[in-house]
Amino acid sequence: VMSRNFDIVVWGATGFTGKLAAEYLSAHYNKVGGPTLKWAMAGRNRAKLEDLRKTLTNPDDVNIIVASIDDAESMQAMASQTEVVVSTAGPFDIIGLPVVDACIVSSTHYVDITGEAPFVRKVIDKHHDMAILKKLKIVPCCGFDCVPVDMGCSVVVSEMKRRNLVPDRVQTTLVKMVGGASGGTINSIINMIDSSSLSELVALLNPFYLSPRDEKGKLQEPGSKTKFACGDRSTPYYDSLLKKWCAPFVMQAIDTRVVNRSNAVMNWQYGQNFIYNESVVVPNAILAVLTSLAFPVVGVLMYFRVTRFFIQLFLPKSGEGPSQSQRENGCFSFHINGTGHNADTGEVQSVCARINAPNGDGGYKQTSRMVCEAGICIARMEKEKDGVYGVLTPSTALGTPYLHRLRDSPGITFPIEE
């Protein structure tokens, strides 16, 4: 393989999250005595990229590449200069695919921050087989969707196996989150509803929507009992372990699909009948009920153009997002409760863990770091010996080396509770 000019290139560097990614890389790498990194910023507008470069910590270290998704050759020229493309520009369903296309043609690895399941499905169907053939890691969902929960689930399952347990289920609950949404994120959700037919939206309800397909093109999924148990939560409940009321969590719509892919793509490593669910802690029973009711109501209102227009008036516009102080003072933590049974005695035991991320909001500050470190993890070939390639998930593509990076840099830890 020819050696490439760059370890990573940040595509969409002038967008809200792209800028944060560039700032992070510039502040953390190539300082005297610190870790080195060859990286560049890419986008379609040279003037904007030049302006951004002036604001960075080490502007001299940063190269600029101009490319446009309308020009496939320019995209391939960008992708062929780097080991990994870090894509931060959405809505991915509208402008994401040409970036992956260029990576496949150029034999370049790829990571992004999407949380859009239809986009991930398109990437799998179009590129999974070729990525395996070319020994590429194509890894969507390397931001707040779905790194914490996907890595967390894999940590708990590994611990269960270490204790000679057969994993039965993992319940992940968001315990605390401080931060806001950006216009780009909301835009992506609205576009997803806008550009999908009713039948496509119904298909999205399947928790195994991102599973590999068999030879006939049918999704590989477990029996109906397991599939039903894996379905998105829609009702409130009281969690006796946490002693809190819980409600459905909006991100289950992508998170569970990705965790189930992590299981399936590695030949059902968690088990054929493994069940994964998600929820969020709410202050009291009334809010638990209201939150549960809000999902179907808002969903239906978002589906119709007229009502969607009114909802949008109250939401941030594209390019807007949480303020710097909101990003700096944000944080998140999840509780993970895994249950399994002893392979010999059948005795049921639980393994609990936490996901702690005290220094920065999940959606932006931490997302920009998570995706950069995912890209560097691949560029450094920290998990290359496993021979796992294709359209993967954070845990299956990046594994333990990524856990160390998450701990050291964004400061995200996954402690097992004794």
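All values reported here derive from a predicted model rather than from experimental measurement. (Residues numbered from 1 in each chain as written. Predicted model: local features only at pLDDT ≥ 70, side-chain atom pairs only at ≥ 80, totals over all residues. Heavy atoms only, no water.)

Caption draft 1: Structural detail: the pairing of strand β3 (residues 63-66). Bridging between strand β2 (residues 39-43) and β3 involves 4 bridges; their strand directions are parallel. Paired with Met 41 across the bridge in β3 is Ile 64. A crossover links β2 with its parallel partner β3, the connecting element being helix α2 (residues 46-55), and its sense is right-handed. (Pairing = 2+ DSSP bridges. Helix = DSSP H or I, 4+ residues; strand = E, 2+ residues; numbered from the N terminus. Right-handed = clockwise from strand over helix to strand, strands pointing away.)

Caption draft 2: Highlighting the packing of helix α5 (residues 97-106) against helix α6 (residues 117-133). At a closest axis distance of 11 Å, the pairing of α5 and α6 adopts a crossing angle of 10°. If you check the angle between α5 and α6, you find them roughly parallel. Within the contact between the two elements, α5 uses Leu 97, Val 100, Asp 101 and Ile 104 and α6 uses Phe 119, Val 123, Lys 126, His 127, Met 130 and Ala 131. Looking at the contact of α5 with α6, its residues break down into 7 nonpolar, 1 polar and 2 charged. (Axes fitted to C-alpha atoms, helices over the stretch in contact; angles between N-to-C directions. Parallel < 35°, antiparallel > 145°, perpendicular 65-115°, else oblique. Contact = heavy atoms within 4.5 Å. Nonpolar A, V, L, I, M, F, W, Y, C, P; charged D, E, K, R; others polar.)

Caption draft 3: The environment of Asp 194, seen in detail. Within the secondary structure, Asp 194 is located in helix α8 (residues 183-195). On a C-alpha basis, the gap between Asp 194 and Cys 141 in space is 21 Å, while along the polypeptide they are 53 residues apart. Non-local contacts of Asp 194, meaning those with residues more than four positions away in its chain, are made with Arg 305 and Arg 308. A polar contact is formed between the side chain of Asp 194 and the side chain of Arg 308, at a distance of 2.8 Å. (Polar contact = N/O pair within 3.5 Å; in protein donor to acceptor, adjacent residues only side chain to side chain.)

Caption draft 4: Layout of the pattern of salt bridges. Here the structure, examined in full by the defined rule, presents 18 salt bridges. Glu 159 is paired through a salt bridge with Arg 162; the nearest N and O atoms lie 2.8 Å apart. Here Arg 162 and Glu 159 lie together in helix α7 (residues 147-162), a separation of 3 residues that amounts to about one turn. We classify Arg 162 as exposed; its relative accessible area is 62%. Here Arg 407 makes a salt bridge to Asp 408, at a shortest N to O gap of 3.2 Å. Residue classification places Arg 407 among the partly exposed positions, given a relative accessible area of 45%. The network of salt bridges with shared partners includes Arg 46, Glu 50 and Arg 53. (Salt bridge = Lys/Arg side-chain N within 4 Å of Asp/Glu carboxyl O. Buried < 20%, exposed > 50% of the residue type's maximum accessible area, 1.4 Å probe, protein only.)

By themselves these figures say nothing about function.
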